[in-house]
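# Working through the structure, step by step
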Protein chains: 2
Amino acid sequence: MPPTGDAQETRRRLVEAAYREFAAHGIAGARVDRIAAAAGANKALIYFHFGNKDGLFTAVFEMIVSQALAEAPIDAADLPEYAGRLFDASEAHPDALRLATWHRLERAADQPPIQAVLDANQAKVDTIARAQAAGLITTRYTAAEILALVLTIANMWSVLSPEMHVTAPQDRATRRALVVSAVTTLIQP
Amino acid sequence: MPPTGDAQETRRRLVEAAYREFAAHGIAGARVDRIAAAAGANKALIYFHFGNKDGLFTAVFEMIVSQALAEAPIDAADLPEYAGRLFDASEAHPDALRLATWHRLERAADQPPIQAVLDANQAKVDTIARAQAAGLITTRYTAAEILALVLTIANMWSVLSPEMHVTAPQDRATRRALVVSAVTTLIQP
DNA sequence: ATTACTTGACTAACCGGTTAGTTGACAATC
DNA sequence: GATTGTCAACTAACCGGTTAGTCAAGTAAT
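Residues numbered from 1 in each chain as written. Chains lettered and ligands numbered in written order. Predicted model: local features only at pLDDT ≥ 70, side-chain atom pairs only at ≥ 80, totals over all residues. Heavy atoms only, no water.

Residues annotated by UniProt as "domain: HTH tetR-type" (unreviewed entry) correspond here to residues 8-68 of chain A. When the span residues 8-68 of chain A is considered, its composition is 89% helix and 0% strand, and the gap between its end C-alpha atoms is 22 Å. (UniProt positions renumbered as here; feature names shortened; annotations may be inferred. Helix = DSSP H or I, 4+ residues; strand = E, 2+ residues; numbered from the N terminus.)

Encoded structure:
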């Protein structure tokens, strides 16, 4: 393609194609040529716009993080439904969780924690602590522990071994109901 | 090394080295040369003994699966402590869980479920169902759902985002206690 | 002597990254 | 309002190191 004067659009297409490729194959397994082809762009543009393969992954990851933080705002007064919404989000965007997992496995060790996520987590912990102080939810666990439990249970189906998916309930509604119910039981004052 | 007449030992060293390499870098990221060097063996031995890279991963994975199934036998009468033992196992062998995750991300889609795991899961579900019939644990959830919850919570700390590890409790005992307590709460009749 | 096992040397393909050069939009100059 | 220059955006071709996988030849044990 000749220069369109719309570099933003090209970047967008590259990030989108890279999102799919990285989610499917991880960082080591992703192929720069495949990404360029899927985006209908020249491979060198990746290096022009993002520096290198890892820079491209960073761009993709930052996009997903900001999307995830925007979606599903916490409601400490109704944590079970919050967990339900997280479940819905992970069902709607299964690639997002895969990407986060690749990030954890392949990059997290040599990458500092992301400040935006730290801040978001702290805000959630604070909200939960206030709900505890108001007597809405149990004080048996710390606010951070409750958040950890909620996040874990909301994504439980995405993390279980493939074999468990054979035995466990197949339909989405039942799975969602379990998530909501488990959180309800755990946070009861 | 000259032929030692002990091919079993060479296989063992290769599988052990491959275990570390695959756990650290995944299938796509693992380097066959690094594995051979770490095992003090020639690269060709991998192809002689295991066929190809994927065959080596299969050998490693089967070893881990059989170890995991042998370790931590289920005790349906005391699921909280079972969860605690699973937690202990995942802390003692963090690489095992990483390997399982790589397997899920990189191979599970084009790999049939592993029969040994299916059988083991079914046995656990049956045990839980009996404990339910005996009135020891709640019947609010199906046996399979309870197993899913227990497995999820036992490994919760290994799956949470790196950022959560900053806010969440740092010491092992506190984390273990949360796992045990959460399961206790969930399965109460 | 045969079998089982091990090796160094080799290769074809792949893959991330680079480079020299092109294109179109836009603006300054005459 | 043509001409010229500049720059970001883009491309085709290429490069060198890496990687999974192969093979002929050799060695120890039986």
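There's more to say after this.
On to the pattern of salt bridges. Using the criterion set out here, one finds 20 salt bridges over all chains in the structure. One salt bridge connects B:Glu91 with B:Arg172, and the closest N-O pair in it is separated by 3.2 Å. Remark: B:Arg172 occurs in helix α11 (residues 172-187) and B:Glu91 occurs in helix α5 (residues 79-92); sequence separation between them is 81 residues. The structure contains a network of salt bridges with shared partners spanning A:Glu9, A:Arg12, A:Arg13, A:Glu16 and A:Arg20. (Salt bridge = Lys/Arg side-chain N within 4 Å of Asp/Glu carboxyl O.)

Take the domain arrangement of chain A next. Residues and elements named next belong to chain A. Taken domain by domain, chain A comprises domain 1 (1-63) and domain 2 (71-189). With centres defined by C-alpha atoms, the gap from domain 1 to domain 2 works out at 30 Å. Domain 1 puts 13 residues into the contact, and the matching count from domain 2 is 10 residues. Summed over both sides, the interface of domain 1 with domain 2 buries roughly 1,000 Å², with 64% coming from carbon and sulfur. Seen at the junction of domain 1 and domain 2, the total is one salt bridge. (Domains from an automatic or database assignment. Contact = heavy atoms within 4.5 Å. Buried area = accessible area lost by both parts, 1.4 Å probe.)

Residue position: A:Asn121 is located in helix α7 (residues 115-133). Residue classification places A:Asn121 among the buried positions, given a relative accessible area of 5%. (Buried < 20%, exposed > 50% of the residue type's maximum accessible area, 1.4 Å probe, protein only.)

Let us now look at the interface of chain B and chain A. Counting from both sides, the interface comprises 44 residues of chain B and, opposite them, 44 residues of chain A. Between chain B and chain A lies a buried interface of about 4,000 Å² when both sides are counted; carbon and sulfur atoms form 73% of it. On the chain B side of the contact with chain A, B:Arg104, B:Leu105 and B:Glu163 bury the most area, a combined 17% of that side's loss. The tally of links from chain B across to chain A stands at 10 residue pairs in polar contact (both at pLDDT 80 or more). Only α1 (7-29), α6 (94-107), α7 (115-133), α8 (143-154), α9 (156-159), α10 (164-167) and α11 of chain B provide two or more residues apiece to the side of chain B that touches chain A. Sorting elements by how many residues they give to the side of chain B that touches chain A places α8(B) first, with seven residues. Among the residues making up the side of chain B that touches chain A, the classes are represented as 28 nonpolar, 10 polar and six charged. (Polar contact = N/O pair within 3.5 Å; in protein donor to acceptor, adjacent residues only side chain to side chain. Nonpolar A, V, L, I, M, F, W, Y, C, P; charged D, E, K, R; others polar.)

With that settled, consider the nonpolar core. Counting 66 residues, the largest nonpolar core has A:Leu79, A:Met156, A:Trp157, B:Leu79, B:Met156 and B:Trp157 as the members making the most contacts within it. Excluding anything up to four places from it in sequence, A:Leu79 contacts A:Ile74, A:Ile128, A:Ile137, A:Ile146, A:Val150, A:Val183 and A:Ile187. (Core = buried A, V, L, I, M, F, W, Y, C linked by side-chain atoms within 4.5 Å.)

Here the focus is the side chain of A:Thr10. Following the sequence through the fold, A:Thr10 ends up in helix α1 (residues 7-29). Sequence-distant contacts of A:Thr10, defined by excluding residues within four places in its chain, comprise A:Leu45 and A:His49.

In this description, an aromatic ring pair is defined by two values, namely the gap between the centres and the angle between the planes. Taken as a whole, this structure holds five aromatic pairs over all chains when the rule is applied. The interplanar angle of 50° and the centroid separation of 5.9 Å between the aromatic rings of A:Trp102 and B:Trp102 together place this pair among those described as tilted. Residue A:Trp102 is found in helix α6 (residues 94-106), and its partner B:Trp102 is found in helix α6; the two belong to separate chains. The class of B:Trp102 is buried, set by a relative accessible area of 1%. Considering the side-chain rings of B:Phe57 and B:Phe61, the 5.9 Å spacing of their centres and the 10° angle between planes classify their relative orientation as stacked. Remark: B:Phe61 and B:Phe57 occur in helix α4 (residues 53-70); sequence separation between them is four residues, near one turn of the helix. No difference in accessibility class separates B:Phe57 from B:Phe61, as the two residues are buried. By the ring-pair criterion, three or more aromatic residues cluster together here, those being A:Phe22, A:Phe57 and A:Phe61. (Phe/Tyr/Trp six-rings, centres within 6.5 Å; stacked < 30°, edge-to-face > 60°.)

In this structure, A:Phe48 sits in helix α3 (residues 43-50). Along the chain, A:Phe48 and A:Arg12 lie 36 residues apart, while their C-alpha atoms are 14 Å from each other.

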